[in-house]
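Each chain is listed here by its residues.
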Amino acid sequence: MNIEFSPSRRSTVGAEWELGLVDRRSGELSSVAGQILEAVRPDGAAEHPKIKQELLLNTIEVITGVCDTIAEAKADLAGSLDVLHGVADPLGVEMFSAGTHPFSNWYQQKVTDKERYAKLIDRTQWWGRQMLIYGVHVHVGVDHRDKVLPILDALLNYAPHLQALSASSPYWGAEDTGYASNRALMFQQLPTAGLPFQFRKWAELESYVEDMFTTGVIDHFSEIRWDIRPAPHLGTIEMRVCDGLPTLEEVGAIAALTQCLVDDFSERLDDGEILPALPPWHVQENKWRAARYGTDAIIILDAAGRERLVTDDVADLLDRLEPVARRLDCVAELRDVETILEYGPSYRRQRAVAEAHKGSLKAVMASLVAEMRDGIPKD
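Residues numbered from 1 in each chain as written. Predicted model: local features only at pLDDT ≥ 70, side-chain atom pairs only at ≥ 80, totals over all residues. Heavy atoms only, no water.

Draft legend 1. Region of interest: the state of the cysteines. Overall, the coordinates contain zero disulfides when judged by the stated rule. With no disulfide of its own, Cys-260 has Cys-330 as its nearest cysteine by sulfur position, at a separation of 3.6 Å. For Cys-260, a relative accessible area of 0% translates into the label buried. (Disulfide = S-S within 2.5 Å. Buried < 20%, exposed > 50% of the residue type's maximum accessible area, 1.4 Å probe, protein only.)

Below, the structure written as structure tokens:
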């Protein structure tokens, strides 16, 4: 099987942000995506170009175009949010983004009436029906196919950093799971989801994909749902590690960190460097630690087994990437990662709200809705 990779301009960026729809009064999920999507659809068009349907009718995804800077991507997302608020507000519907809804039940949610979603649910059954989860995906352009797999492997070194910073799913079915990101471990139950295989050559990826087609595991490349994957038709690497992020500021921060990492790796490959890669068993352990402990995770740094608190490593990483951020014009957005470190990722903020309101998860949902509109509370 021949998989064509369509090179992009180096380090262009795009984002996909999954949003949950909730009733303003109860905070419960509301299956009104169809009504909202129809309302925002331009006349004569099949759908809105940047506001899309998702698996469940309680979910809408907003996407950017191809952007040169993180500021441009944030402005793009903000424009789509304004359109959505204009339609949702009169319906008494609010939006939020977190890895999971704190208390709505998965078995009460309606699946979007589309063949590919019906096929997914038919195949995956109980696990597929439980995919009441939300994420943020960041695409970064890669200018040569031979860079893709080395960059993917190198990015896996920083998957726990991205997971910890974005962790926002401590609750499931009105219970505290004890995890910072319950979503991370749930999503990997789907076939072809979870951590990617680490291929040395593009031909090995092509052989894997051919096997998946031959044995009926997938019908389309997009059904490979790895945490980090190539997007050959777009000419990008797609970072899918992160939980849903409640605020535009956090989306920008995570997108900037991702863009800077990919650009740094791309530059180092141009200079003839061999990028560092962790053994798969360390990558797997790091994912679990970041999902369980969030910013308290002690992560494995290298094949020798050296370990470090993830937040300490993030702090040094931001300093190292600052020259890259200057090159990409995203210094301010990269430094917004420090805001996440200062005020805590969403999972910490959610638990703080619950504690302050005697365990009320309705208060947690209200805080997520407020953050979507107003940003991280900083008083």
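Draft legend 2. Inspection of the packing of aromatic side chains at higher detail. Applying the stated rule across the entire model yields 11 aromatic pairs. Judged by centre distance (6.2 Å) and plane angle (80°), the rings of Phe-197 and Trp-226 are edge-to-face. With Phe-197 in the loop between strand S8 (193–194) and helix H7 (202–214) and Trp-226 in strand S9 (residues 225–226), this residue pair connects regions lying 29 residues apart in the sequence. Judged by relative accessible area, which is 2%, Trp-226 ranks as buried. Ring centres 5.9 Å apart and planes at 85° place the aromatic pair Trp-288 and Tyr-293 in the edge-to-face group. Within the aromatic cluster, the residues linked to one another by ring pairs are Phe-197, Phe-199, Tyr-208 and Trp-226. A cation over a ring is seen here: Arg-292 above Tyr-179, with NZ or CZ 5.9 Å from the ring centre. (Phe/Tyr/Trp six-rings, centres within 6.5 Å; stacked < 30°, edge-to-face > 60°. Helix = DSSP H or I, 4+ residues; strand = E, 2+ residues; numbered from the N terminus. Lys NZ or Arg CZ within 6 Å of the ring centre and 35° of its normal.)

Draft legend 3. View of the nonpolar core. Membership of the largest hydrophobic core comes to 85 residues, with the highest contact counts inside it found for Trp-17, Ile-36 and Leu-257. The next biggest cluster of nonpolar side chains, apart from the first, holds 29 residues, and it includes Leu-29, Ile-121, Ile-133 and Met-365. (Core = buried A, V, L, I, M, F, W, Y, C linked by side-chain atoms within 4.5 Å.)

Draft legend 4. Seen up close, the pattern of salt bridges. Under the counting rule described, the total for this entry stands at 37 salt bridges. The closest approach of N and O atoms between Arg-9 and Asp-68, which form a salt bridge, is 2.7 Å. Highlighted residues: Arg-9 in the segment before strand S1 (13–23) and Asp-68 in the loop between strand S3 (59–63) and helix H2 (70–88), separated in sequence by 59 residues. Judged by relative accessible area, Arg-9 falls into the exposed class, the value being 52%. Here Arg-373 makes a salt bridge to Asp-89, at a shortest N to O gap of 2.6 Å. Residue Arg-373 is located in helix H13 (residues 361–374), and its partner Asp-89 is located in the loop between H2 and strand S4 (93–96); the two are separated by 284 residues in the primary sequence. (Salt bridge = Lys/Arg side-chain N within 4 Å of Asp/Glu carboxyl O.)

Purely spatial values, then, with no claim about function.
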